[in-house]
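For reference, the chains in residue letters:
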Amino acid sequence: AAIGFSPTVEAQTRAADFTEDNLTSMGVFAYLTQGTDFGTSSTPNFMYNQEVTKAGSSWTYTPIKFWPANSNDKLTFFAYAPHNATGLTLPGSTDAGYPSFTYEVKATEAEQTDLLLASPVLNQTAGAGTVNFSFKHALTRVVINVEAGSGFTGVTINSLSIKTKKT
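First, a word on what this report is: a plain description of the structure on this page. The model shown is predicted, which means the values in this text are computed figures rather than measured ones.

**Quick look at unusual backbone geometry**
So, point 1. Following T62, the chain continues into P63 via a peptide bond in cis, with omega recorded as -5 degrees.
So, point 2. Tracing the sequence through the fold places P63 in the loop between strand 4 (58-60) and strand 5 (73-81).
So, point 3. Cis geometry is found at the peptide bond from A81 to P82, where omega equals -5 degrees.
So, point 4. Turning to its location among the elements, P82 is positioned in the loop between strand 5 and strand 6 (88-89).
So, point 5. Positive phi outside glycine occurs at N49, with the angle close to 50 degrees.
So, point 6. Assignment of secondary structure puts N49 in strand 3 (residues 47-55).
So, point 7. For N49, a relative accessible area of 15% puts it in the buried group.
So, point 8. With phi around 50 degrees, N84 is a residue other than glycine that occupies positive phi space.
So, point 9. Mapped onto the secondary structure, N84 falls in the loop between strand 5 and strand 6.

**Examining the side chain of Q50**
So, point 1. Considering the arrangement of structural elements, one finds Q50 in strand 3.
So, point 2. The exposure class of Q50 is buried, given its relative accessible area of 14%.
So, point 3. Once residues lying within four places of it in the same chain are set aside, the contact partners of Q50 are M26, G27, V28, Y61, T62, P63 and H83.

**Describing the pairing of strand 2 (residues 25-34)**
Successive side chains on a regular strand alternate, one facing one side of the sheet and the next facing the other.
So, point 1. Counting buried positions along strand 2 gives eight out of ten residues, so the element sits mostly inside the fold.
So, point 2. Summarising the sheet, strand 2 and strand 3 pair through five bridges and their orientation is antiparallel. Residue pairing across strands places G27 opposite E51, the latter belonging to strand 3.
So, point 3. Where strand 2 meets strand 5, eight bridges bridge the pair, whose relative direction is antiparallel. By the bridge assignment, T33 is partnered in strand 5 with K74.

Rules used in this analysis
- Residues numbered from 1 in each chain as written.
- Predicted model: local features only at pLDDT ≥ 70, side-chain atom pairs only at ≥ 80, totals over all residues.
- Heavy atoms only, no water.
- Helix = DSSP H or I, 4+ residues; strand = E, 2+ residues; numbered from the N terminus.
- Buried < 20%, exposed > 50% of the residue type's maximum accessible area, 1.4 Å probe, protein only.
- Contact = heavy atoms within 4.5 Å.
- Pairing = 2+ DSSP bridges.

That is the geometry; function is a separate question.
Encoded structure:
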């Protein structure tokens, strides 16, 4: 049976976020483990940054991959969106264990990407069917507007800090 994908996206945290309606691509990593569960020595040996795109209401990719026929073989999936997001550095194709991503926030707001990461889908076997990814927003945008009030001109702010409770 072919492996299919179906993403969901949690509620937005800013106005220009990705949603299930406007998300059109994701990158998928799949780890094949034979006779064991996913672990610290597992590598993305089944899919590495596989682009999966939305076509109408379904998600497709090429070449199609199939569930392993051996019932002892397991697949573990990780995903991010959008595929090849600007500023995102992917883990190496031979890096073992949970993937580690690095993201560089661009200087201007217009260049910043709403990065989504999915919860891992661990140790799936052929009977699993479609892989359901649950995406969450990995970043938070904070916008601060300062108003000097009437009669103030030429005010310079030299520093700004945000404090919150430790809990």
